[in-house]
There are 4 protein chains.
Amino acid sequence: MSTEAPKPLTRRAERTRAKLVTAARKVFEKHGVLETRIVDIAKEAGVAVGSFYTYFESKEELLREVAATLYVELIPPLPAEVGPDPRARIEAGNRAYVRAYEKNARILTLVQHQTLSDATLRGLYEEARAAFIARVERSIRRLQREGLSPKDVSPRLAAHMLAGMVHEFCYTTFGFGTVDFDPEEAVSTLTTLWTRALALKPETKKKSKP
Amino acid sequence: MSTEAPKPLTRRAERTRAKLVTAARKVFEKHGVLETRIVDIAKEAGVAVGSFYTYFESKEELLREVAATLYVELIPPLPAEVGPDPRARIEAGNRAYVRAYEKNARILTLVQHQTLSDATLRGLYEEARAAFIARVERSIRRLQREGLSPKDVSPRLAAHMLAGMVHEFCYTTFGFGTVDFDPEEAVSTLTTLWTRALALKPETKKKSKP
Amino acid sequence: MSTEAPKPLTRRAERTRAKLVTAARKVFEKHGVLETRIVDIAKEAGVAVGSFYTYFESKEELLREVAATLYVELIPPLPAEVGPDPRARIEAGNRAYVRAYEKNARILTLVQHQTLSDATLRGLYEEARAAFIARVERSIRRLQREGLSPKDVSPRLAAHMLAGMVHEFCYTTFGFGTVDFDPEEAVSTLTTLWTRALALKPETKKKSKP
Amino acid sequence: MSTEAPKPLTRRAERTRAKLVTAARKVFEKHGVLETRIVDIAKEAGVAVGSFYTYFESKEELLREVAATLYVELIPPLPAEVGPDPRARIEAGNRAYVRAYEKNARILTLVQHQTLSDATLRGLYEEARAAFIARVERSIRRLQREGLSPKDVSPRLAAHMLAGMVHEFCYTTFGFGTVDFDPEEAVSTLTTLWTRALALKPETKKKSKP
DNA sequence: CATGAATGAGGCTTCATTCAT
DNA sequence: CATGAATGAAGCCTCATTCAT
């Protein structure tokens, strides 16, 4: 969409910019996005306020940059070694999501928050989310096509709901301190619920040889 | 719960207060909580700024009041006529949630938002949420006890996840304008996924065949 | 200056007014004049804010009323039984001042304070003060005339200074909690310093010469 | 005394800060402390309101700074050339006080005023005052020891009273426009009253020369 | 590029005063 | 007369943004 000029930065500039991004994430996590003032970021980064504006237009722009990085980590492409087994693929996706969320819980929650008042950020989020859902949807569609899952639910709708289940679980579990579940049990349970919800034939049997 | 003096309000006071609550909800929905200034609420209510402070300490306090009302509507006790059938009960609960959310989508989303920066509000939310989850958990526990659902998942964990699925679906579907699903189909699909996830014996009746 | 109408008050009115004066003095003493809001006075008096304005135009007006009462007490006419002895008269005046100040220290200090921003109040104060000083001045003048005190100081100036000494001593000693002197010793010392400052022949008696 | 970071100010900052102090003193003197709004100070200084907060937390903090300066001037150490003669020393102290007060009458009165509602400021004042009184007390104690003054008064009490006489005289004479005395005559009279009050032997001899 | 002081619009809150009941 | 809710002017303070050094 955007035709940005690549703007090559000098070495020094690169460093200052990086310092700001790191500092921002730190103070965002510590005090929340809204509560963070530009001065706080600058102070944490050890640079002057003015320098902030050399690289970013606003807190929001900086946050978007942070967010983009996070989303990539949250929904990585499934690694090749996972293999074709549906349950394994579902589990792998869930594990990646749960683990990544757990790791970046605080900042992800804050980003999520900001999503409501920052349309651009929301765009980023929905893009990431849509990609994830699309993958799930394709998966369900295939299962249905292959007769491994009943066709009584809309793949798109089911994808939304199941993906949402995972996301919401992470958001409430890791985002606040209020509940405390074991991540690995969570992954396993999520996967069980998910596969059963799709009425997936359990172990798509083994080829049965004569 | 609170130990405050109840202070019975005069007729006029009652009216002014109500005007403020109504107005606040309106402007919150229109412009968002953060973007709303006290003056906006007062103006919308047709009263002076000072009057706001006669009844509320802050925007947040007012929002909490709005939130409390909403949560009650979101998770009502299941009406007696629903009967004992698990699927029917699950469907009724889902329908109530979906319908209530749909109806108050915008303000619920905003409240949800505020939840992150207002601990008291979050308390209210988590209380409501916990009650809902507890109900689901009890239900799962009973199903497992009666042999209607396998015991391979923790009732508590599953309750969290399934309740979360419903909530998150509503939040994303109704909270923003980005996706557009038919509510009734959604209720049906949610219920299907939910019951299957619990591996609920479809028609529990006895069928009995000779 | 003002030709006030006597305005006869009804019984009820009289009572409400009195309640306000009493309440005002109480809250003034407790929280300071500036810190006291009209509501506070009304609340303390157990009447509605509106009623305050039925009797007073402002806090200041009320305070002036309180002040006037206090000043009368502070500088009462010397009682007849004191007799003509200069030292005894000086001591009596000092004792009255010290005792009255001690008794009403807090409110006197506050009034004193208000004196700076309320010209009318200052008028009251200076009137009272001037009367006191005038009495002292007359006394010094007489002593000088009778040869009992050297004429090397202006009676007016000395009166100012000596009266001021007494006042300031009370103001600092009783107005704040910082110093703590015995009132009776103070009266005695003030009197000693005062009489010596005027180089008053110690025991004026002596009379009779053979 | 304070454990704050010293923060060395840049040249420009120094200048702005000074402009604010000067301006503040000016408007305080003109309109009174309470009547002065932050905007007034900023406007007088020719800077923006925000700049005020770069250097001070509040009007009060600024006033304290002004006060501290004044107190130093009010009670300077006696210069060496005064010599050891008690009367001369007393006179020198009185003259310094009277002259400094006269010079800064208005602002000193205002500061004095603020003293009542600002505990920190009062602390400053009492510290300065205590130092002055302590000096007087030491002096009286020595005179008594050397038999130059009778021991029938407590040095501490007398010090309080005599110092108070000087202060109060200045406060009333210079603080308001109501009385009008010649400063030099005042110094002389104060000194006379003071020395006589201590029953100081007039010209501590010197005489005798064959 | 970096710096950080200066700017000032904008929101919050208080409370003396009014006035309809 | 009493009541107390309503009013809104007025001051406070923050902080994103600019710009001279």
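Residues numbered from 1 in each chain as written. Chains lettered and ligands numbered in written order. Predicted model: local features only at pLDDT ≥ 70, side-chain atom pairs only at ≥ 80, totals over all residues. Heavy atoms only, no water.

J.: I'd like to hear about the overall build of chain A, residue by residue, with values.
T.: A count of helices and strands for chain A gives nine helices and zero strands. Structurally, chain A occupies a C-alpha span of about 75 × 40 × 30 Å along its principal axes. Within chain A, buried positions represent 49% of all 210 residues. Once local pairs closer than 6 in sequence are excluded, the contacts in chain A between residues at least 24 apart make up 68%. (Helix = DSSP H or I, 4+ residues; strand = E, 2+ residues; numbered from the N terminus. Buried < 20%, exposed > 50% of the residue type's maximum accessible area, 1.4 Å probe, protein only. Contact = heavy atoms within 4.5 Å.)

J.: Quick one: what's the story with the UniProt feature "domain: HTH tetR-type" (unreviewed entry) in chain A, residue by residue and with numbers?
T.: Following the UniProt record, one finds the feature "domain: HTH tetR-type" (unreviewed entry) at residues 14–74 of chain A. The span residues 14–74 of chain A is 80% helical and 0% strand by assignment, and the distance between its end C-alpha atoms comes to 26 Å. (UniProt positions renumbered as here; feature names shortened; annotations may be inferred.)

J.: Residues and numbers for the interface of chain D and chain C, please.
T.: Counting residues at the interface gives 42 residues for chain D and 42 residues for chain C. For the chain D and chain C pair, buried surface summed over both sides reaches about 3700 Å², with 71% attributable to carbon and sulfur atoms. On the chain D side of the contact with chain C, Leu 116, Met 161 and Arg 196 of chain D bury the most area, a combined 19% of that side's loss. Where chain D packs against chain C, one counts four salt bridges. Put simply, Arg 196 of chain D and Asp 152 of chain C hold a salt bridge, and the shortest N to O gap is 2.3 Å. Joining chain D to chain C, the criterion identifies nine residue pairs in polar contact (both at pLDDT 80 or more). Here the side of chain D that touches chain C takes 13 residues from helix H8 (residues 155–175) of chain D, the largest share from any one element. Here the residues of the side of chain D that touches chain C sort into 21 nonpolar, twelve polar and nine charged. (Buried area = accessible area lost by both parts, 1.4 Å probe. Salt bridge = Lys/Arg side-chain N within 4 Å of Asp/Glu carboxyl O. Polar contact = N/O pair within 3.5 Å; in protein donor to acceptor, adjacent residues only side chain to side chain. Nonpolar A, V, L, I, M, F, W, Y, C, P; charged D, E, K, R; others polar.)

J.: Give a detailed account of the side chain of His 167 of chain B, specifying residues and quantitative values.
T.: Residues and elements named next belong to chain B. Among the secondary structure elements, His 167 is positioned in helix H8 (residues 155–175). Its relative accessible area of 4% is what places His 167 among the buried residues. Reaching out from His 167, the side chain makes a polar contact with the side chain of Tyr 97 at a distance of 2.7 Å.

J.: Summarise the protein's contact with DNA strand F; cite the residues concerned and give the values.
T.: Close contacts around DNA strand F come from 27 residues, with Thr 16 and Tyr 55 of chain B, Thr 10 of chain C together with Arg 37 and Tyr 53 of chain D the closest. The share of sugar and phosphate among atoms of DNA strand F within 4 Å of the protein is 77%. The separation between a phosphate oxygen of DNA strand F and a polar side-chain atom of Tyr 55 of chain B is 2.6 Å. Here Thr 10 of chain C contributes a side-chain N or O atom positioned 2.7 Å from a phosphate oxygen of DNA strand F. Of all the elements in the fold, those that place two or more residues in the surface near DNA strand F are helix H1 (11–31) and helix H3 (49–55) of chain B together with helix H1 (11–31) and helix H3 (49–55) of chain C. The element contributing the most residues to the surface near DNA strand F is H3 of chain C, with five residues. When the residues that make up the surface near DNA strand F are grouped by side-chain class, the tally is 13 nonpolar, nine polar and five charged. (Near = heavy atom within 4 Å.)

J.: Tell me about the protein's contact with DNA strand E, and name the residues and values.
T.: By nearness alone, 27 residues border DNA strand E, and Thr 10 and Thr 16 of chain A, Tyr 53 of chain B together with Thr 16 and Tyr 55 of chain D come closest of all. If you look at DNA strand E and keep only atoms within 4 Å of the protein, 76% of those are sugar or phosphate atoms. A distance of 2.7 Å is found between a phosphate oxygen of DNA strand E and a side-chain nitrogen or oxygen belonging to Thr 16 of chain A. At a separation of 3.3 Å, a phosphate oxygen of DNA strand E approaches a polar backbone atom of Ile 38 of chain B. Elements represented by at least two residues in the surface near DNA strand E include exactly helix H1 (11–31) and helix H3 (49–55) of chain A together with helix H1 (11–31) and helix H3 (49–55) of chain D. A total of five residues in the surface near DNA strand E trace back to one element, the largest contributor, which is H3 of chain A. The residue makeup of the surface near DNA strand E, split by class, is 13 nonpolar, nine polar and five charged.

J.: Which residues make up the environment of Leu 193 of chain B, and what values go with them?
T.: Among the structural elements, Leu 193 of chain B can be located in helix H9 (residues 183–197). Accessibility expressed as a relative area gives 1% for Leu 193 of chain B, which makes it buried. Residue contacts for Leu 193 of chain B: discarding those within four places in its chain leaves Ala 158, Met 161, Leu 162 and Ala 197 of chain A together with Met 165 of chain B.

J.: Residues and numbers for helix H4 (residues 59–74) of chain A, please.
T.: Working note: α-helix, 3.6 residues per turn, so residues spaced by three or four point in the same direction. All names here are of chain A. With 16 residues, H4 extends 22 Å between its outermost C-alpha atoms, agreeing within 8% with the 22 Å of an ideal straight helix rising 1.5 Å per residue. Within the sequence span of H4, burial applies to Lys 59, Leu 62, Leu 63, Val 66, Ala 67, Leu 70, Tyr 71 and Leu 74. Looking at the buried residues of H4, the elements they touch are H1, helix H2 (38–45), H3, helix H5 (86–103), helix H6 (105–114) and helix H7 (119–145). (Expected span 1.5 Å × (residues − 1).)

J.: Run through the domain arrangement of chain A, naming residues and quoting values.
T.: Residue and element names in this part refer to chain A. The assigned domain composition of chain A is domain 1 (11–56) and domain 2 (69–197). The distance between the C-alpha centroids of domain 1 and domain 2 comes to 31 Å. Interface area for domain 1 against domain 2, summed over the two sides, is near 580 Å², with a carbon-plus-sulfur share of 61%. Taken together, the links from domain 1 to domain 2 amount to zero salt bridges. Counting across the interface, domain 1 meets domain 2 through two residue pairs in polar contact (both at pLDDT 80 or more). (Domains from an automatic or database assignment.)

J.: Summarise the side chain of Thr 173 of chain D; cite the residues concerned and give the values.
T.: All names here are of chain D. Summarising the element assignment, Thr 173 is placed in helix H8. By relative accessible area, which is 5% here, Thr 173 ends up buried. Within polar-contact distance, the side chain of Thr 173 engages the backbone oxygen of Phe 169 at 2.7 Å.

J.: So what's going on with the pattern of salt bridges? Residues and values would help.
T.: By the definition in use, this model includes 52 salt bridges over all chains. Its salt-bridge partner being Glu 137 of chain C, residue Arg 141 of chain C comes within 2.4 Å of it at the nearest N-O pair. One end of the pair is Arg 141 of chain C and the other is Glu 137 of chain C, both in helix H7 (residues 119–145) and four residues apart, which spans about a single turn. Using a relative accessible area of 40% as the deciding quantity, one classes Arg 141 of chain C as partly exposed. According to the relative accessible area criterion, Glu 137 of chain C is buried, its value standing at 15%. Overlapping salt bridges, with partners in common, bring together Arg 87, Glu 91, Arg 95, Arg 99, Glu 102 and Glu 184 of chain A in one network.

J.: Got a sec to walk through the relation of the copies chain D and chain C? Specific residues and values, please.
T.: Laying chain D over chain C is done by rotating through 179° and shifting 0.0 Å along the axis; what remains is an RMSD of 0.1 Å. Given the turn and translation reported, the copies of this chain are related as if by a two-fold rotation axis. Interface overlap between copies is the fraction of interface residues in one copy that are interface residues in the other; for chain D against chain C it reaches 100%, indicating a shared surface. (Least-squares fit on C-alpha atoms with pLDDT ≥ 70 in both.)

J.: Describe the packing of aromatic side chains, naming the residues involved and giving the relevant values.
T.: Across all of its chains, the model carries 28 aromatic pairs over all chains by this definition. With a centroid separation of 5.3 Å and an interplanar angle of 75°, the aromatic rings of Phe 52 of chain B and Tyr 53 of chain B are classed as edge-to-face. (Phe/Tyr/Trp six-rings, centres within 6.5 Å; stacked < 30°, edge-to-face > 60°.)

J.: Can you break down the UniProt feature "DNA-binding region" (unreviewed entry) in chain A residue by residue, with the values?
T.: Residues annotated by UniProt as "DNA-binding region" (unreviewed entry) correspond here to residues 37–56 of chain A. The span residues 37–56 of chain A shows a helical share of 75% and a strand share of 0%, and its end C-alpha atoms are spaced 14 Å apart.

J.: Tell me about helix H2 (residues 38–45) of chain C, and name the residues and values.
T.: Residues and elements named next belong to chain C. Residues of H2 that are buried: Ile 38, Ile 41, Ala 42 and Ala 45. One side of H2 carries all its buried residues, which in axial view fall inside an arc of 95°. Looking at the buried residues of H2, the elements they touch are H1, H3 and helix H4 (59–74). (Arc of directions from axis to C-beta.)

J.: Explain the confidence of the model for chain A residue by residue, including any values.
T.: In the predicted model, chain A carries a mean pLDDT of 87, and 91% of its residues have values of at least 70. The least confident element of chain A is H6 of chain A, whose mean pLDDT is 87; the most confident is H2 of chain A, at 96. (pLDDT = per-residue confidence, 0-100.)

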